[in-house]
Amino acid sequence: DFFLAASAATAASLVLPARVRAQSARMSLTATSRTLDIKGRAATVWGLTDGTGRSGLVLDPGQAFAADLKNTLTEPTIIHWHGQIPDNAQDGVPDLPMPMLQPGEIRAYDFAARPGTHWMHAHIPAHEMLLLAAPLIVRRPEDVAADRQEVTLFLHDFSFKSPAEVLTEITGGASMAGMDHGQPGQGAMDHSGMDMGAMGQGGMMAMPGMDGMAMDLNDYNFDAYLANDRTLDDPEVVQVDKGGQVLVRVINAAAATVFWIDTGALPGRLVAVDGEPVQPLPGNRFGVAMGQRLDIELDVPREGGAYPVLALREGAKERTGVILATPGAAVAKIADLSERDHPAFSGDLAQESLLRAVTPLPERAPASQQMLMLGGSMMPYVWTINGQTWGTHVPVTAKSGDRVEITFHNMSMMAHPMHLHGHAFQVVSTGGARFAGAVRDTVHVPPMGMVTVALDAGEAARWMLHCHHMPHLSTGMMTEFAVSA
């Protein structure tokens, strides 16, 4: 009887549609600790590995995100699927609405995957700073059909100090209001222990036309900048074909570092941002803020050679990256410092204002237009949205299905990459004329800059809206996008 039942079940599975069959093949994902060799020193970090121990996941076109996440760490944590739009219960924010995964706990996730270059990370600043993050690539049918190689460039900033020590140095011991996304830190903030030496020296840059006010690009000097977990002392060398085409999927998973992606001798085309196709933008240097992704197509010359693709820290000399090399090419060593400081990324929003979505949002009159003032200062180290930190925030509200426009107006001297959960939005203005800009989920708002985004409100739920600079998030720079039915 058992045999008959089993064969009947097998026969039934053969007549299921392919989509349902694919869903039965569940993936496994483990939050784990691992050891990296960073500049000759062993570093214990965290990570997200698949069933074979590799970092991250790659899904085929049409494949559902069906994964069992196991927490093998000694602390509770929770993972957010950045760029995906699951139902709110699976979004991965502590206690909104699901509790964190306890050590040893396994939780099942199942939702339709959005194609593109995305990533997944702990939604707890200190955990993300321990590198609890990994690529989440969902391929399109066009990716499979294209005659090109795909290379992922996953970027981190890293300190040998604990995240708590780093955050204390940066914030001068400011309360970690957003650390657990729960109650704001108790008691008054004491800034007397502020160590000005922890501010990135040389990170100050005067911007023309700003009355000599200085903008602070980097508020911490990390020990290393990693590309696929490695530094330029020992970079990853990816073998590519002479005359071939390469798609580099860049993911900025850093806690507090904006990078320029420099393709050097290889002419590049930016073809997608945050997983969404844009009209190809030619160039060999593109900026990427924390939480953002860039897909860059490169053409390898027929004569072959070794071609560094570098990530340059804005406002500083540090750099990291990978090297694309054709068979037999000599690979020269590259210093991890440039000759001079790299420029600040896009105070004028030049790159953002050039991007055009391949599939723009349909034109609709907005049901509401909301202005969010981004504020804060280095002393005391507190960052706010409309003057409030998480816990005293006033939610941004919308009705499900409504077209909403949100203008981010940065009144502070630091940039803020603003990320909205549960939605993709379209950039429709960078302070001047309107245009059908990129569809994305994280937008970089420079000091004194203004960006307007349009979106259609999704599932009726509480969705996080926050800055993706971890020290800013940890001191409360988060609100919610509260969607009602």
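Predicted model, so just to flag it, every value in this text is computed and none were measured.

Rules and cut-offs
Residues numbered from 1 in each chain as written. Predicted model: local features only at pLDDT ≥ 70, side-chain atom pairs only at ≥ 80, totals over all residues. Heavy atoms only, no water. Pairing = 2+ DSSP bridges. Helix = DSSP H or I, 4+ residues; strand = E, 2+ residues; numbered from the N terminus. Axes fitted to C-alpha atoms, helices over the stretch in contact; angles between N-to-C directions. Salt bridge = Lys/Arg side-chain N within 4 Å of Asp/Glu carboxyl O. Buried < 20%, exposed > 50% of the residue type's maximum accessible area, 1.4 Å probe, protein only. Core = buried A, V, L, I, M, F, W, Y, C linked by side-chain atoms within 4.5 Å. Contact = heavy atoms within 4.5 Å. Phe/Tyr/Trp six-rings, centres within 6.5 Å; stacked < 30°, edge-to-face > 60°. Patch = residues over 30% accessible without salt bridge, like charges linked within 9 Å, V, L, I, M, F, W, Y side chains within 5 Å. Areas by Shrake-Rupley, 256 points an atom, 1.4 Å probe, with all protein chains shown as cover. Polar contact = N/O pair within 3.5 Å; in protein donor to acceptor, adjacent residues only side chain to side chain.

K.L.:
Got a minute to help me understand the sheet that holds strand 24 (residues 396–399) in this structure?
P.N.:
Backbone hydrogen bonds hold the strands of a sheet together, and the pairing may be parallel or antiparallel. Sheet architecture is open: 5 strands sit in the order 24-32-31-26-29, paired in mixed fashion. Since the sheet does not close on itself, it has two edges, and those belong to strand 24 and strand 29 (442–445), each with one partner. Strand-to-strand twist in this sheet, taken as the mean axis angle between neighbours without regard to direction, amounts to 20 degrees. The sheet contact formed by strand 26 (residues 416–420) and strand 29 spans 4 bridges and is antiparallel. Within strand 29, the position partnered with His419 by the bridge is Thr442.

K.L.:
I tried to follow the sheet that holds strand 18 (residues 285–288) on my own but got confused; where do I start?
P.N.:
Reading across the sheet, the 5 strands line up as 13-21-20-15-18 and stay open at both edges, with mixed pairing between neighbours. At either margin of the open sheet sits one strand with a lone partner, and together these are strand 13 (237–239) and strand 18. Strand-to-strand twist across the sheet, computed as the mean angle between neighbouring axes with direction ignored, equals 20 degrees.

K.L.:
Got a minute to help me understand the pattern of salt bridges in this structure?
P.N.:
If the charged atoms of two oppositely charged side chains come close together, the side chains can form a pair. In the structure shown here, the tally under the stated rule is 28 salt bridges. Across the pair Asp229 and Arg34 runs a salt bridge, and its minimum N-O distance is 2.7 Å. With Asp229 in the loop between strand 12 (224–227) and strand 13 and Arg34 in strand 1 (residues 27–38), this pair connects stretches of sequence that are 195 residues apart. Both residues of the pair, Asp229 and Arg34, count as buried. A salt bridge links Arg54 to Asp50, with the nearest nitrogen and oxygen atoms 3.7 Å apart. Judged by relative accessible area, Asp50 falls into the buried class, the value being 15%.

K.L.:
It is not clear to me how the nonpolar core should be interpreted in this structure. Could you clarify?
P.N.:
One recurring pattern in soluble globular proteins is that nonpolar side chains are buried together. Core analysis: the largest hydrophobic core is formed by 77 residues, its most contacted members being Ile261, Leu324, Phe408 and Phe481. Tallying contributions element by element places strand 31 (residues 462–467) first for this core, with 4 residues. If sequence neighbours within four positions are ignored, Phe481 has contacts with Val396, Ala398, Val404, Ile406, Leu420, His423, Leu455, Ala457, Ala461, Arg462 and Trp463.

K.L.:
Explanation requested: the packing of aromatic side chains in the structure shown.
P.N.:
Working definition: an aromatic ring pair is given by the centre-to-centre distance plus the angle between the planes. Following the criterion strictly, the structure yields 10 aromatic pairs and no others. Seen in terms of ring centroids, Phe65 and Phe111 are 4.6 Å apart; in terms of plane orientation they differ by 15 degrees. Their pairing is stacked. With a gap of 46 residues between them, Phe65 in strand 4 (residues 65–71) and Phe111 in strand 6 (residues 106–111) connect regions that are remote in the sequence. No difference in accessibility class separates Phe65 from Phe111, as the two residues are buried. Geometrically, the ring pair formed by Tyr225 and Phe259 is edge-to-face, given 6.4 Å between the ring centres and 80 degrees between the ring planes. You can see Tyr225 sitting in strand 12 and its partner Phe259 sitting in strand 15 (residues 259–262), a full 34 residues away along the chain. In terms of burial, Tyr225 and Phe259 fall into one category: buried. Each member of the aromatic cluster is reached from another via a ring pair, and the members are Phe65, Trp81, Tyr109 and Phe111.

K.L.:
What's the story with unusual backbone geometry in this structure? I'm lost.
P.N.:
Negative phi characterises most residues that are not glycine, and trans characterises most peptide bonds. With an omega dihedral of -5 degrees, the bond running from Leu96 to Pro97 counts as a cis peptide bond. Despite not being glycine, Asn228 shows a phi value in the positive range, around 50 degrees. For Asp274, which is not glycine, the phi torsion reads 50 degrees and is therefore positive. Of note, Asp274 is situated in the loop between strand 16 (268–273) and strand 17 (276–283).

K.L.:
Explain a nonpolar patch on the surface to me, please; I cannot follow it from the model alone.
P.N.:
A cluster of nonpolar residues, Met371, Met373, Met411 and Met448, forms a patch on the protein surface that exposes about 340 Å² of accessible area. Inspection of the secondary structure puts Met371 in strand 22 (residues 368–377).

K.L.:
What is the right way to read the side chain of Gln426 from this model?
P.N.:
Assignment of secondary structure puts Gln426 in strand 27 (residues 425–429). Take Gln426: its relative accessible area is 3%, and that puts it in the buried class. Reaching out from Gln426, the side chain makes a polar contact with the backbone nitrogen of Leu361 at a distance of 3.0 Å. Within the structure, the side chain of Gln426 is placed 2.8 Å from the backbone oxygen of Gly437, a separation counted as a polar contact. Setting aside residues no more than four positions away along its own chain, Gln426 makes contact with Ala357, Pro360, Leu361, Ala436, Gly437, Ala438, Val439, Thr452, Val453 and Ala454.

K.L.:
Just checking my understanding: could you explain the pairing of strand 26 for this structure?
P.N.:
The side chains of a regular strand alternate between the sheet's two faces. Most of strand 26 is tucked away: 5 of the 5 residues are buried. Neither face of strand 26 is open: one carries His416, Met418 and Leu420, the other Pro417 and His419, and all of them are buried. The pairing of strand 26 with strand 31 spans 3 bridges and is antiparallel. Bridged to His419 within strand 31 is His466.

Keep in mind that these numbers describe shape and distance, not what the molecule does.
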